[in-house]
Amino acid sequence: EDRHNLMAYLRKGEGQTLLVAANFQREEQTIVLDAPYRKLLLSSCGDVDAEGNSVRLHGYQAIVAEL
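Residues numbered from 1 in each chain as written. Predicted model: local features only at pLDDT ≥ 70, side-chain atom pairs only at ≥ 80, totals over all residues. Heavy atoms only, no water.

**Q** Explain the pattern of salt bridges to me, please; I cannot follow it from the model alone.
**A** Two side chains that carry opposite charge are able to pair once their charged atoms sit near each other. Overall, the coordinates contain three salt bridges when judged by the stated rule. Between Glu28 and Arg56 there is a salt bridge whose closest N-O contact spans 3.9 Å. Separated by 28 residues along the polypeptide, Glu28 in the loop between strand 2 (16-23) and strand 3 (29-32) and Arg56 in strand 6 (residues 54-57) bring together distant segments of the chain. Note on Arg56: relative accessible area 35%, which makes it partly exposed. Taken together, the salt bridges that share partners define one network made up of Glu28, Asp49 and Arg56. (Salt bridge = Lys/Arg side-chain N within 4 Å of Asp/Glu carboxyl O. Helix = DSSP H or I, 4+ residues; strand = E, 2+ residues; numbered from the N terminus. Buried < 20%, exposed > 50% of the residue type's maximum accessible area, 1.4 Å probe, protein only.)

Listed below in structure tokens is the structure:
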């Protein structure tokens, strides 16, 4: 809620949790997760930059990842 031009939410069900995140600005933004993501399912800009529990979204990038 306190991040400008960033939308992210979790979708949970049947033993699976998905992260849907989108960066709506030119500058990169970093999301800190409770745990590292397991698998990238969809990305508008190729792979994501991830290190530990941090995921860096490029400008105007949207992702869907399994947690």
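**Q** For this particular structure, what's the right way to read the side chain of Glu66?
**A** Take Glu66: it is sitting in strand 7 (residues 62-66). With relative accessibility at 15%, the residue Glu66 sits in the buried group. The residues touching Glu66, leaving out its near neighbours within four places in the chain, are Gln16, Thr17, Leu18, Tyr37, Arg38, Lys39 and Leu41. (Contact = heavy atoms within 4.5 Å.)

None of this, on its own, says anything about what the molecule does.
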